[in-house]
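What the coordinates show
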Amino acid sequence: MAREIFFVADDFGLDSNTNAAIIYAHQKGALQGAALMMGQPGTKEAISLALANPSLQIGFHLHLNDSIPLTQSQWPWEKSPTKAGFAIGFSSTARQLVRQEIQQQWNAFQATGLSCAFVNAHHHLHTHPFVYSLLLKTIRPNFRGWVRLGNIRNFETTSFSSAIINFIFKIYRKWCPFPTSQTLWGIDRTFRMSSREIIPILSQLPDGIHEFIFHPRKISDDLDTTCLIDLSSWV
């Protein structure tokens, strides 16, 4: 496999400011793709923007906490991914909710008519074995993209939580029926990505899919947006 580098934004559809920043970073900068959240305040606007900007690759951004569900008014575990993970692991009611949500969110994404370039999840809840297996089962009939399972690479020291996720992702990559990313950069730089750190890394990456994730929130005075503008010559 040849080396492929993707600069991807999460949370497309979260709100109008995020949508505007993502489109700006794509049109003026290096942003190549955006992960679309279904059922959020800015989702309809994001879909329209995606259709008007066909060069922006769109991914399916599963969300199971810290967001607005499609099947009920709020999550029983509120914003905590840790509480969500425990609930899904030990509660049949929680697992049923997740089954319904994954199916509803995927159905809603398909109804947009947009091609799905990749799949990821809010707060990496697709690392949960139940969520991961159900997600693959749901998308399998007509998904042709790649799945976010890259080895988390931090710009500084590796955290304990990243090491655990990397162990799980290593197992998932081995058995995943779809292409997967090989490395994932930006977990330790959420909302504060820097081109000075990224540029020296780009030429050193081996063959495979390498993903750099960004969280643009504003067109100006936003570190991630500025970083993507600075990286425009590298795409």
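To continue, consider the overall build of the protein. The helix and strand tally for the protein stands at 8 helices and 8 strands. Over its C-alpha trace the protein gives a radius of gyration of 17 Å, about what one expects of a compact globule, namely 18 Å for 235 residues. Taken along the three principal axes of its C-alpha coordinates, the protein extends 50 × 35 × 30 Å. When burial is assessed residue by residue, the protein has 54% of its 235 residues classed as buried. A sequence separation of at least 24 residues applies to 75% of the contacts in the protein between residues at least 6 apart. The protein carries 20 positive and 17 negative side-chain charges, and their two centres are separated by 9 Å.

Their axes nearest at 8 Å, the elements helix 1 (residues 16-28) and helix 8 (residues 223-230) cross at an angle of 15°. When the interaxial angle is binned, helix 1 and helix 8 end up roughly parallel. The interaxial crossing formed by helix 1 with helix 8 has right-handed handedness. Residues Ala 21, Tyr 24, Ala 25 and Lys 28 of helix 1 lie in contact with helix 8, whose contacting residues are Thr 225, Leu 228 and Ile 229. Among the residues making up the contact of helix 1 with helix 8, the classes are represented as 5 nonpolar, 1 polar and 1 charged.

This paragraph deals with the pairing of strand 4 (residues 118-121). Across the two faces of strand 4 the burial is the same, with Phe 118 and Asn 120 and Val 119 and Ala 121 all buried. Of the pairings in the sheet, the one linking strand 3 (residues 57-62) to strand 4 comprises 3 bridges and is parallel in character. Opposite Leu 62, over in strand 4, you have Ala 121 as the bridge partner. Across 2 bridges, the pairing between strand 4 and strand 5 (residues 146-147) is parallel. Opposite Val 119, over in strand 5, you have Val 147 as the bridge partner. For the crossover from strand 4 across helix 5 (residues 129-139) to strand 5, the handedness is right-handed.

Glancing now at the packing of helix 1 against helix 2 (residues 43-52). It is at 9 Å that the axes of helix 1 and helix 2 come closest, and there the two elements cross at 15°. Of the possible angle classes, the one that applies to helix 1 and helix 2 is roughly parallel. Here helix 1 and helix 2 pass one another in a crossing that is right-handed. Residues Ser 16, Asn 19 and Ile 23 of helix 1 form the contact with helix 2, whose own contacting residues are Glu 45, Ala 46 and Leu 49. Taken together, the residues of the contact of helix 1 with helix 2 break down into 3 nonpolar, 2 polar and 1 charged.

Definitions and limits used
- Residues numbered from 1 in each chain as written.
- Predicted model: local features only at pLDDT ≥ 70, side-chain atom pairs only at ≥ 80, totals over all residues.
- Heavy atoms only, no water.
- Helix = DSSP H or I, 4+ residues; strand = E, 2+ residues; numbered from the N terminus.
- Rg over C-alpha atoms; globule rule 2.2 N^0.38 Å.
- Buried < 20%, exposed > 50% of the residue type's maximum accessible area, 1.4 Å probe, protein only.
- Contact = heavy atoms within 4.5 Å.
- Lys, Arg positive; Asp, Glu negative; His and termini not counted.
- Charge placed at Lys NZ, Arg CZ, Asp CG, Glu CD.
- Axes fitted to C-alpha atoms, helices over the stretch in contact; angles between N-to-C directions.
- Parallel < 35°, antiparallel > 145°, perpendicular 65-115°, else oblique.
- Left-handed = near helix turned anticlockwise from the far one by under 90°.
- Nonpolar A, V, L, I, M, F, W, Y, C, P; charged D, E, K, R; others polar.
- Pairing = 2+ DSSP bridges.
- Right-handed = clockwise from strand over helix to strand, strands pointing away.

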